[in-house]
Amino acid sequence: MTTRFLKEWFAKPIRPRVITLGNQKGGSGKTTTAMHLMVGLMNCGYGVGSIDLDAKQGTLTHFIENRRRQARLSAMPIDMPEHGQIESSLEATVADAEEDEASRLAETLNSLQHLDYIVIDTPGHDNFLARLGHILADTLITPMNDSFLDLDVLVRLDNDGQRITGPSSYSVAVLERWGLRMLVSGTPIDWLVIRNRLAHLDNRNNRKVEELLKQLAPRLGYRISQGFGERVVYRELFPLGLTLLDPMSDDAAGRLSKSRGAARDEVWSLLTAIGLSEQPQASETWNKKMGLSLSISRYAKQPQEAPESAEAEQQDRDPKTATPSSHIAT
Ligand SMILES: Nc1ncnc2c1ncn2[C@@H]1O[C@H](COP(=O)(O)OP(=O)(O)O)[C@@H](O)[C@H]1O
Ligand SMILES: [Mg+2]
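Think of each chain on its own: its residues are numbered from 1, step by step along the sequence as written. Chain A is the first chain written and ligand 1 is the first ligand written, with later ones labelled in order. Residue-level local features of this predicted model are given only where pLDDT is at least 70; pairs of side-chain atoms are given and counted only at 80 or more, and the full residue set underlies all totals for whole chains, interfaces and linings.

Starting at the N terminus, helices and strands are each numbered in turn, a helix being any DSSP run of H or I of at least four residues and a strand any DSSP run of E of at least two. Helix and strand counts for the protein chain stand at 13 helices and 9 strands. A residue pair is marked as a contact if its C-beta atoms, positioned from the backbone, fall within 7 Å. Taking the contacts inside the protein chain whose residues are at least 6 apart along the sequence as the reference set, 76% of them involve residues at least 24 apart.

Set out below in structure tokens:
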């Protein structure tokens with residue numbers, strides 16, 4: 001059943017591009033990245049679907065529920081993705097449970113077939129649905145926090161953290177799913193590793209993590225892309241079902257303006273790393289929607305505005321994040 005459903009999916013002449021968020025570790029930023037990608041893609045004018053395979057936590061589904069409520073209450077237009085959630089099966093045997101989960105996932109995918117993108121959120125542990133989510137990924141995004149603890153998801157290091165001694169179980173799992181995908185679809189997974197919650201202060205630890213990630217990239221076959229900095233603006237709008245990319249009142253926009261601009265550029269940078277199908281049109285729609293022109297030179301030319309909070313103040317002092325677009329450009 002599983003192979004048949006995957007073969008049928010990959011045989012479709014036109015199908016949405018699937019972006020899966022995966023990392024066998026909770027709290028690395030999978031759901032946060034999924035939320036911002038979904039809204040970012042909708043802001044580019046794409047039809048977007050989402051699937052929550054982490055039904056136990058259900059965080060992405062809660063975000064969508066909050067967003068639906070907000071859309072009813074708000075005078076602002078709020079785009080909605082078409083959302084599905086796949087619960088774990090209650091069937092007694094492993095074979096029956098897998099059959100049941102695969103058929104519900106197939107049904108949901110088929111119902112989203114008319115869209116441009118499907119964003120799949122997976123749990124922070126390995127299970128059958130997470131495995132399918134990885135095989136389906138045209139693009140797999142693995143967010144990881146900026147520490148040796150998180151690097152452990154990709155690689156084993158020697159005791160002093162200086163030398164790579166071997167891959168981790170998650171890397172092995174991704175490579176295995178990559179192979180399975182090649183067998184059923186003939187196409188590889190484009191694997192992107194991003195660093196989430198990047199510290200605003202440069203330190204030796206960050207640089208070491210960066211160096212090791214670069215060393216490992218050609219061995220495991222992933223690309224590294226800019227992730228999101230540690231910013232309150234990425235999490236504070238969750239109860240409203242909104243993101244910093246959504247239309248908001250002048251009052252809220254004014255309060256969030258500094259970190260919102262920097263965060264907006266970080267999301268755009270990730271969108272372009274994914275490789276939008278019609279980028280010029282997408283960026284034009286995005287610019288119109290955001291009401292602000294997004295240009296690489298915007299931050300380079302203008303002096304940084306005064307910080308709005310202690311957090312922003314720290315950001316502004318940080319040479320790495322004070323001019324977010326400058327490292328998009330490099
Ligand atoms: N870039 C960020 N800046 C600030 N907080 C973040 C950022 N990314 C994630 N978080 C917060 O970290 C926690 C875990 O993120 P989440 O996306 O739920 O991870 P996962 O889905 O991998 O378990 C949440 O409280 C979220 O709001
Ligand atoms: Mg999550």
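For helix 3 (residues 59-73), built from 15 residues, the straight-helix expectation of 21 Å at 1.5 Å per residue is met to within 8% by its first-to-last C-alpha distance of 21 Å. Whether a residue is buried, exposed or partly exposed is read from the other C-beta atoms within 10 Å of its own C-beta, which are placed from the backbone; 20 or more gives buried, 12 or fewer gives exposed, and intermediate counts give partly exposed. Listed as buried for helix 3 are Leu60, Phe63, Ile64 and Arg67. Taken down its axis, helix 3 places every buried residue within 95° of arc, on the same side. What points out from helix 3, more than 90 degrees from its buried face, is the exposed set Arg72 and Leu73. Of the surrounding elements, those touching the buried residues of helix 3 are helix 2 (30-43), strand 2 (48-52), strand 3 (82-85) and strand 4 (117-121). What a helix is expected to span follows from its residue count: subtract one and scale by 1.5 Å. The arc in question is the one spanned by the directions pointing from the helix axis to the C-beta atoms.

To continue, consider the nonpolar core. Membership of the largest hydrophobic core comes to 67 residues, with the highest contact counts inside it found for Met38, Leu41, Val119 and Ile120. Apart from residues lying up to four places away in sequence, valine 119 is in contact with Ile19, Ala34, Leu37, Met38, Val48 and Ser50. Residues of type Ala, Val, Leu, Ile, Met, Phe, Trp, Tyr and Cys that are buried and joined through C-beta atoms within 7 Å form what is called a nonpolar core.

What follows deals with the site of ligand 1. Of all residues adjacent to ligand 1, which total 16 residues, the nearest are Lys30, Thr31, Thr32, Phe228 and Arg235. Here the shell around ligand 1 takes 3 residues from helix 2, the largest share from any one element. Split into classes, the residues belonging to the shell around ligand 1 amount to 2 nonpolar, 9 polar and 5 charged. Whether a residue is near a molecule or strand depends on its C-beta atom, placed from the backbone, lying within 6 Å of it. We call Asp, Glu, Lys and Arg charged. Ala, Val, Leu, Ile, Met, Phe, Trp, Tyr, Cys and Pro are nonpolar, and the rest, Gly among them, are polar.

Taken together, the 7 strands give an open sheet; going across it, the order is 3-2-4-1-5-8-9, and neighbouring strands pair in parallel fashion. Every interior strand has two partners, whereas the edge strands, strand 3 and strand 9 (222-225), have only one. Between one strand axis and the next, the sheet turns through 20° on average, direction left out of account. Criterion used throughout: strands pair if DSSP finds at least two bridges between them. In terms of strand pairing, strand 2 meets strand 3 through 4 bridges, oriented parallel. Residue pairing for strand 3: serine 50 is matched across the bridge by histidine 83. The strands touched by helix 3 within the sheet are strand 2, strand 3 and strand 4, with strand 2 carrying the most contacts at an inclination of about 135°. Lines are fitted to the C-alpha atoms to define the axes, a helix being fitted only along its stretch in contact, and any angle between axes, read from their N-to-C directions, falls within 0 to 180 degrees.

Note: strand 6 (residues 155-157) against strand 7 (residues 164-167), 3 bridges, orientation antiparallel. Pairing of valine 155 across the sheet is with proline 167, part of strand 7. Linking strand 6 to strand 7, which pair antiparallel, is a turn of 6 residues; within it glycine 161 sits at a positive phi near 65°.

Between two packed helices, both the angle of their axes relative to each other and the distance between the axes serve to describe the pair. Interhelical geometry of helix 5 (residues 128-135) versus helix 7 (residues 169-185) gives an angle of 60° and a closest axis separation of 9 Å. With respect to each other, helix 5 and helix 7 are oriented oblique. Note on packing geometry: the crossing formed by helix 5 with helix 7 is right-handed. Between helix 5 and helix 7, the residues in contact are Arg131, His134 and Ile135 and Val174, Arg177, Leu180 and Arg181, respectively. Should an angle fall under 35 degrees it is called roughly parallel, over 145 degrees roughly antiparallel, and 65 to 115 degrees roughly perpendicular, with every other angle called oblique. Left-handed describes a crossing whose near helix is turned anticlockwise from the far helix through less than a right angle; right-handed describes the clockwise counterpart.

Before going further, it helps to examine unusual backbone geometry. One non-glycine residue, arginine 197, adopts positive backbone phi at about 55°. Looking at where arginine 197 falls in the secondary structure, it is placed in the loop between strand 8 (190-196) and helix 8 (204-220).

Considering the arrangement of structural elements, one finds threonine 142 in strand 5 (residues 139-145). With 26 C-beta atoms counted inside 10 Å, the residue threonine 142 sits in the buried group. Separated by 52 residues in sequence, threonine 142 and isoleucine 194 place their C-alpha atoms 6.1 Å apart.

Across the 5 residues that make up strand 4, a large majority, 5, are buried. Taking every second residue as pointing to the same face, both faces of strand 4 are buried, with Tyr117, Val119 and Asp121 on one and Ile118 and Ile120 on the other. Across 5 bridges, the pairing between strand 2 and strand 4 is parallel. Each residue of the ladder has a partner; that of aspartate 52, found in strand 4, is aspartate 121.

Examined against the element boundaries, tryptophan 191 turns out to sit in strand 8. Exposure remark for tryptophan 191: the 22 C-beta atoms within 10 Å place this residue in the buried category. Sequence separation between tryptophan 191 and glycine 22 is 169 residues, and the spatial gap between their C-alpha atoms is 9.9 Å. If sequence neighbours within four positions are ignored, tryptophan 191 has contacts with Leu140, Val174, Gly221, Tyr222 and Arg223.

Moving on: the environment of glycine 227. Inspection of the secondary structure assignment puts glycine 227 in the loop between strand 9 and helix 9 (250-274). C-alpha separation for the pair glycine 227 and arginine 197, spaced 30 residues apart in sequence, amounts to 7.7 Å. For glycine 227, the residues in contact, after removing those within four places along its chain, are Pro143, Ile194, Arg195, Asn196 and Leu198.

On to the confidence of the model for the protein chain. Think of pLDDT as the predictor's per-residue confidence, scored from 0 to 100. The pLDDT averaged across the protein chain works out to 85; a share of 87% of its residues lies at or above 70. Note that pLDDT drops below 50 for residues 293-330; the model gives that stretch 53 contacts with residues more than four away or on any other chain.

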